[in-house]
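Chain by chain, the residues:
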Amino acid sequence: MIKVSSYSLAFQSPLFLVLLVAIIGVVPLGAQTDDLVRVRALLGEGATSQIEAAIQLGLADGLPRNLLVDKAIEGAAKGMGSEVILAAVYTLTDELRQAGTVVGLDADEVNLEKAADGLRSGLDQSFLVELYRENSEDFAMVVVALEDLLRTGVTVRVAQNMLRDASSRGLRVNELLRLPANVRRLVREGRTPFEAVRSVRASMRSGRRPPYPYDGTPNFSIHRRHQTPIQFMWSIN
Amino acid sequence: MHAVLAGDQDSYAVLVRRHKDSLYRYAERMTGRTDEAADIVQQAFINGFRNLDRCRNPEKIGGWLFRIAVNLCKDQLKGRARREVSLEVAGPLQASGGLPEDGAERAEIREKIYRALQSLSSEHREAFLLKHVEGWSYEEMAEKLEISVSALKMRVHRARDQLQGMLEIYR
Amino acid sequence: MNKELDQYLDGELDGADLQPDVKQEAEVWNAFLRDVRESGAQGAPVGLESLVLNSIQTEKRSQWPRIIDWWIDPHAIRIRPLIGLAAAAVLAVIFLLPKDAVVPVEPSGAATTVVDNEVVYVQFKLEAPEAKSVAVAGDFNEWVPEVMLADPDGDGVWAGRLKLSPGVHRYMYVIDGSHWVTDPYAERYTEDGFGRQNAVIAITGGAGARSLAP
């Protein structure tokens, strides 16, 4: 009598078996969790697993998956190659890790992202920490305004001081967001960024609220026509 | 440290984190280029990982990695000389670190410092940077570069002599 | 160069012991050396650490050819029927249960972008006379260029309206399905990490009326 206690599967490699199980299992499982499906469709399996590995490195440090996945999707959608996307994901990983020292890794994704943007544009880390402590609800918007201000050509110190001024005068978030446009307009009229900021700060100190009038010939028409997008309607439920 | 020598990747990551800045700072000033500096630092850590078994003194693994970077900088500069790429073409350092106040005057000083450093021979530049930017003692330098203290002093002194001209703007 | 000054700069002589004229020269040197230290990079650029670690990971993997071979080369694996059945049962439990039971759904962290259920209609507009189609894609629609702008009167100005929640949004226009362009008239921009600029729109909603903390 022959006793059969096991079956031999000698005809295939272990890899084949694993793949077989994967095909049976990953199809439904993948449909549940695969947020990189578009990246995979555009770049193929090999590149996607490299990107996934890069994302895993970030996850191991406690970074939110969404932000890293979004960067990969953005790159793939824009037709970037896998190397470029990988580099962008790595860079973002490092930036978010640093941003974690400002707002904490458990902060809302939007705040973590804006902290990274703020550091990238040169704002002081200690300044951002203080800003987040005091304005955590409006942190992202305030950083947007500061970045915008820096883009007008003023130095980090001037931008940070201007925000302190604005805060001490109780400016509203909407008003703060308008300040860089004020500065830009004055710069367009030939002032240096520093002079422009001085003029705006003087208006602010006089107790008026932005947007501030400016001296010189207005240059509205050119920019008004095409400036987009325009927020034009509110619907509050 | 023994985990590092055994090829433990997480422990090596700690080393990378600890030493990447000083390696990069040195490589950037040595080569005068940010792209080359990044390549050198990356290669230094990879070479270090590959050759961990050759690190004789685990307590001084930081210095050992630095030496790998120093040698890679040398190779890079030699290769560059062969390719006859003028340093002038490379352009000034990017303002990635930046002086405290980023005015036009500061940018000019940065440019002058860059030109002055690049005008030194690579040996003099190497000794000067390790002494005055990294703040190493002559004994540390001698140990890591395997060059005598007196020769290193001579190099640093010569470098300083050559840089005297730069000081006019500080007087 | 003065020998005393050399000794001071070499760290062999204390500043307090210097002659007044040498001391003055030493201060000039200190100012210069401080600038040398402060000019140029202070540390490695962001991204470098991850690149290094990734290279090392690849390196590490290459040390394991035998393990890889074991997975690829065909050889016999003997399985007891009972264990095989148990494994099949485990797999069935994993794959056949409803998905919520298997994959816990994390709450989305984007709560701050929706303030009091507000929505804002945003009008996008681009002048592109040569275009056959213009779409807008951004982080609000996972960068899918499917929100098409329209140019009904054929004057080359494409426009469309989109409902967005308060928050900071990044976007680009896509001409003819594949040509990504930055909005030339956006109020703000940010690097996209791929060498281009995303336009940025900040929608404050009702929270915009809030005063900043002093």
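Thresholds applied
- Residues numbered from 1 in each chain as written.
- Chains lettered and ligands numbered in written order.
- Predicted model: local features only at pLDDT ≥ 70, side-chain atom pairs only at ≥ 80, totals over all residues.
- Heavy atoms only, no water.
- Salt bridge = Lys/Arg side-chain N within 4 Å of Asp/Glu carboxyl O.
- Helix = DSSP H or I, 4+ residues; strand = E, 2+ residues; numbered from the N terminus.
- Buried < 20%, exposed > 50% of the residue type's maximum accessible area, 1.4 Å probe, protein only.
- Arc of directions from axis to C-beta.
- Contact = heavy atoms within 4.5 Å.
- Buried area = accessible area lost by both parts, 1.4 Å probe.
- Polar contact = N/O pair within 3.5 Å; in protein donor to acceptor, adjacent residues only side chain to side chain.
- Nonpolar A, V, L, I, M, F, W, Y, C, P; charged D, E, K, R; others polar.

A. Just the pattern of salt bridges, in detail. The tally for this structure, following the rule as stated, stands at 35 salt bridges over all chains. Across the pair arginine 25 of chain B and glutamate 134 of chain B runs a salt bridge, and its minimum N-O distance is 3.2 Å. Taken as a pair, arginine 25 of chain B in helix α2 (residues 9–31) and glutamate 134 of chain B in the loop between α7 (122–132) and α8 (138–145) lie far apart in primary sequence, 109 residues in all. Each of the two residues, arginine 25 of chain B as well as glutamate 134 of chain B, counts as buried. In the salt-bridge network here, residues are joined through shared partners; they are Glu95, Lys114, Asp117, Arg120, Glu147, Asp148, Arg151 and Arg184 of chain A together with Arg188 of chain C.

B. Helix α7 (residues 125–134) of chain A, seen in detail. All names here are of chain A. Inspection of α7 places Phe127, Leu128, Leu131 and Tyr132 among the buried residues, and these make up the whole buried set. The buried residues of α7 occupy an angular sector of 130° when projected down its axis, which confines them to one face. Seen from the buried face of α7, the exposed residues on the opposite side, beyond 90 degrees, are Ser126 and Arg133. Taken together, the buried residues of α7 touch α5 (82–103), α6 (109–120), α8 (139–151) and α9 (156–168).

C. Local environment of the interface of chain B and chain C. In this assembly, 46 residues from chain B lie in contact with 33 residues from chain C. Roughly 3700 Å² is buried in total at the junction of chain B and chain C, and carbon and sulfur atoms are behind 62% of that figure. Note that glutamate 49 of chain C and arginine 17 of chain B form a salt bridge whose closest N and O atoms lie 2.6 Å from each other. Our count for the contact surface shared by chain B and chain C stands at eleven residue pairs in polar contact (both at pLDDT 80 or more). A per-element tally of the side of chain B that touches chain C places α2 of chain B first, with eleven residues. Here the residues of the side of chain B that touches chain C are counted per class, giving 23 nonpolar, nine polar and 14 charged.

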